[in-house]
Amino acid sequence: MIVKITIDGQAINAREGDTIVDVAAQNGVYIPTLCYTKGKPCLGTCRTCSVNVDGRVMAACTIPVREGMEIDVNGAEITDMRKALVELLFSEGNHNCPSCEKSGRCELQATGYEVDMMVSRFPYRFTPRVVDHASKTIWLERDRCIFCQRCVEFVRDKETDQKIFSIKGRGTQASIEIDVDLANKMSANQVCEASDLCPVGCIIDKTQGFDVPIGKRKFEVKTIRERALEGTHR
Ligand code: SF4
Ligand code: SF4
């Protein structure tokens with residue numbers, strides 16, 4: 001069934017049940033996302049896609065469109081709220097982009113550019129986090145994890161369907177964990193996919209590094225906005 005909604009005042013016909021974030025992209029309106037992976041169940045963990053729906057702030061990846069919805073994506077207040085959420089993610093981790101393997105292919109970094117972030121308005125926490133290198137094939141650079149849960153939900157042991165990644169603890173004590181025995185059974189292709197699925201440089205493939213030259217990396221060729229609108233940022 002087709003419903004009528006508005007996004008930033010623009011009248012749009014949309015298929016009922018499609019999420020706001022997808023409908024917006026189909027109509028040329030970019031909404032930043034970090035945990036969302038098109039075609040997979042919504043996680044709703046990062047809130048980077050916050051928009052104003054009929055006067056209430058909601059995560060656009062979690063909400064299906066319905067008749068008469070009025071959605072504000074690019075108003076000054078909601079735009080600044082999304083920027084603050086991205087700044088918060090930077091201040092909670094330890095991000096040093098020039099030395100990071102994921103630089104140029106990192107969804108957090110690319111989103112930081114997109115929301116015009118220069119520096120976080122929040123104090124940096126400099127949380128001490130230990131790198132986990134016990135697996136044969138993966139470096140777990142915990143400093144960079146944004147706890148999106150993509151790896152937790154979507155990376156599974158091929159034989160048993162068991163989760164390979166998990167999150168231990170809560171709040172400032174949270175840490176991303178890896179089941180080393182299961183990780184050691186991952187094929188090279190699965191490691192590559194897991195590394196690519198991570199929106200930041202936390203899951204790093206030990207067998208290759210800095211393989212794409214500067215200037216040719218994913219978000220240097222096309223911005224994350226361009227890729228999101230054409231459905232290729234993930
Ligand atoms: S994970 Fe992304 S934002 Fe963090 S240091 Fe690496 S490139 Fe920068
Ligand atoms: S390791 Fe990467 S994919 Fe997993 S929760 Fe952290 S940021 Fe998300």
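Each value, and the rule that gives it
Residues numbered from 1 in each chain as written. Chains lettered and ligands numbered in written order. Predicted model: local features only at pLDDT ≥ 70, side-chain atom pairs only at ≥ 80, totals over all residues. Core = buried A, V, L, I, M, F, W, Y, C linked by C-beta atoms within 7 Å. Buried ≥ 20, exposed ≤ 12 C-beta atoms within 10 Å, placed from the backbone. Helix = DSSP H or I, 4+ residues; strand = E, 2+ residues; numbered from the N terminus. Domains from an automatic or database assignment. Contact = placed C-beta atoms within 7 Å. Pairing = 2+ DSSP bridges. Axes fitted to C-alpha atoms, helices over the stretch in contact; angles between N-to-C directions. Near = placed C-beta within 6 Å. Nonpolar A, V, L, I, M, F, W, Y, C, P; charged D, E, K, R; others polar.

This brings us to the nonpolar core. For soluble globular proteins, the rule of thumb is that nonpolar side chains tend to be buried together. Core analysis: the biggest nonpolar cluster contains 53 residues, and V21, A24 and A60 have the highest contact counts within it. When residues of this core are assigned to their parent elements, the largest contribution, 5 residues, is made by helix α1 (residues 20-26). Counting the residues that make up this core, at least three belong to each of domain 1 (2-74) and domain 2 (86-218). Not counting residues within four places of it along the chain, the set of residues in contact with V21 comprises I31, T33, Y36, C49, A60 and C61.

A few words now on the sheet that holds strand β1 (residues 2-7). Taken in spatial order, the 5 strands of this open sheet run β2-β1-β5-β3-β4, and their pairing is mixed. In this open sheet, the two edge strands, each paired with only one partner strand, are β2 (10-15) and β4 (56-59). This sheet shows a mean twist of 40° between the axes of neighbouring strands, independent of strand direction. Where β1 meets strand β5 (residues 70-72), 2 bridges bridge the pair, whose relative direction is parallel. For I7, the partnering residue across the bridge sits in β5 and is I71. Running over the sheet, helix α2 (residues 76-92) touches β3 (50-53), β4 and β5 and is turned about 155° from β3.

In the vicinity of ligand 2, 14 residues are found, and the nearest of them are C145, C148, C151, C198 and C202. When its residues are assigned to classes, the shell around ligand 2 shows 12 nonpolar, 1 polar and 1 charged.

Here we take up the domain arrangement of the protein. How large an interface is tends to be reported as the accessible area lost when its parts come together. According to the domain assignment, the protein contains domain 1 (2-74) and domain 2 (86-218). Here domain 1 and domain 2 have C-alpha centroids that lie 26 Å from each other. Each partner contributes to the interface: domain 1 provides 9 residues, whereas domain 2 provides 14 residues. Considered class by class, the residues forming the side of domain 1 that touches domain 2 number 5 nonpolar, 3 polar and 1 charged.

In terms of burial, helix α3 (residues 107-114) is largely enclosed, as 6 of its 8 residues are buried. Inspection of α3 places E107, L108, Q109, A110, T111 and G112 among the buried residues, and these make up the whole buried set. Those residues of α3 that are buried are in contact with α2, α7 (218-221) and α8 (224-230).

Attention shifts here to the pairing of β3. Strand direction decides the pairing type here: β3 and β4, joined by 4 bridges, are antiparallel. Bridge assignment links S50 to a residue of β4, and that residue is A59. Connecting β3 to the next strand, β4, in antiparallel fashion are 2 residues, including D54 with a positive phi near 50°. The pairing of β3 with β5 spans 2 bridges and is classified as antiparallel. Within β5, the residue paired with V53 across the bridge is I71.

Bridging between β1 and β2 involves 6 bridges; their strand directions are antiparallel. Within the sheet, the bridge partner assigned to I7 lies in β2 and is Q10. Connecting β1 to the antiparallel partner β2 that follows it, the hairpin turn spans 2 residues, and D8 within it adopts a positive phi of roughly 50°.

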